Amino acid sequence: MSEWHHREHGPITEEKLVRAVHILADIVEEHGPAFRPLYQDLRRQLAELRQEQQAVEAAHARAAQGASKVA
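**Considerations on the nonpolar core**
- Leu-17, Val-21, Leu-24, Val-28, Tyr-39, Leu-42, Leu-46 and Leu-49 form the largest nonpolar core, which has 8 residues in total.
- Mapped by element, the contributors of at least two residues to this core are helix H2 (14-31) and helix H3 (36-70).
- Leave out the neighbours within four places in its chain, and Leu-24 touches Leu-38, Tyr-39 and Leu-42.

Given below as structure tokens:
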């Protein structure tokens, strides 16, 4: 357990959140509703991450479109 504790986790990515959501879904299904709040929180975090990514992509698209109009 101490090896896991000292591992470098890196940034939270969509891939990591999706994997965690799937694991927690299996746990909730197998062990009942005690884990449901954690599962719901993780799903919320995934949705927020996706919204942030979409906002960044939209901002980049607007900036690129604005740059092409200036040129």
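**A look at the layout of surface pockets**
- The computed volume of the largest pocket comes to approximately 290 Å³.
- As for the largest pocket, its lining consists of Ile-12, Lys-16, Leu-17, Arg-19, Ala-20, Ile-23, Leu-24, Leu-38, Asp-41, Leu-42 and Gln-45.
- Elements represented by at least two residues in the lining of the largest pocket include exactly H2 and H3.
- Looking at which element gives the most residues to the lining of the largest pocket, the answer is H2, with 6 residues.
- Here the residues of the lining of the largest pocket are counted per class, giving 7 nonpolar, 1 polar and 3 charged.

Criteria and thresholds
Residues numbered from 1 in each chain as written. Predicted model: local features only at pLDDT ≥ 70, side-chain atom pairs only at ≥ 80, totals over all residues. Heavy atoms only, no water. Core = buried A, V, L, I, M, F, W, Y, C linked by side-chain atoms within 4.5 Å. Buried < 20%, exposed > 50% of the residue type's maximum accessible area, 1.4 Å probe, protein only. Helix = DSSP H or I, 4+ residues; strand = E, 2+ residues; numbered from the N terminus. Contact = heavy atoms within 4.5 Å. 1 Å grid on protein atoms, 1.4 Å probe; cavity = no way out; pocket = protein on both sides within 12 Å on 5 of 7 lines; lining within 4 Å. Points joined across faces, edges and corners; volume = space filled by probe spheres on them. Nonpolar A, V, L, I, M, F, W, Y, C, P; charged D, E, K, R; others polar.

Functional significance is not addressed by these values, which are geometric in nature.
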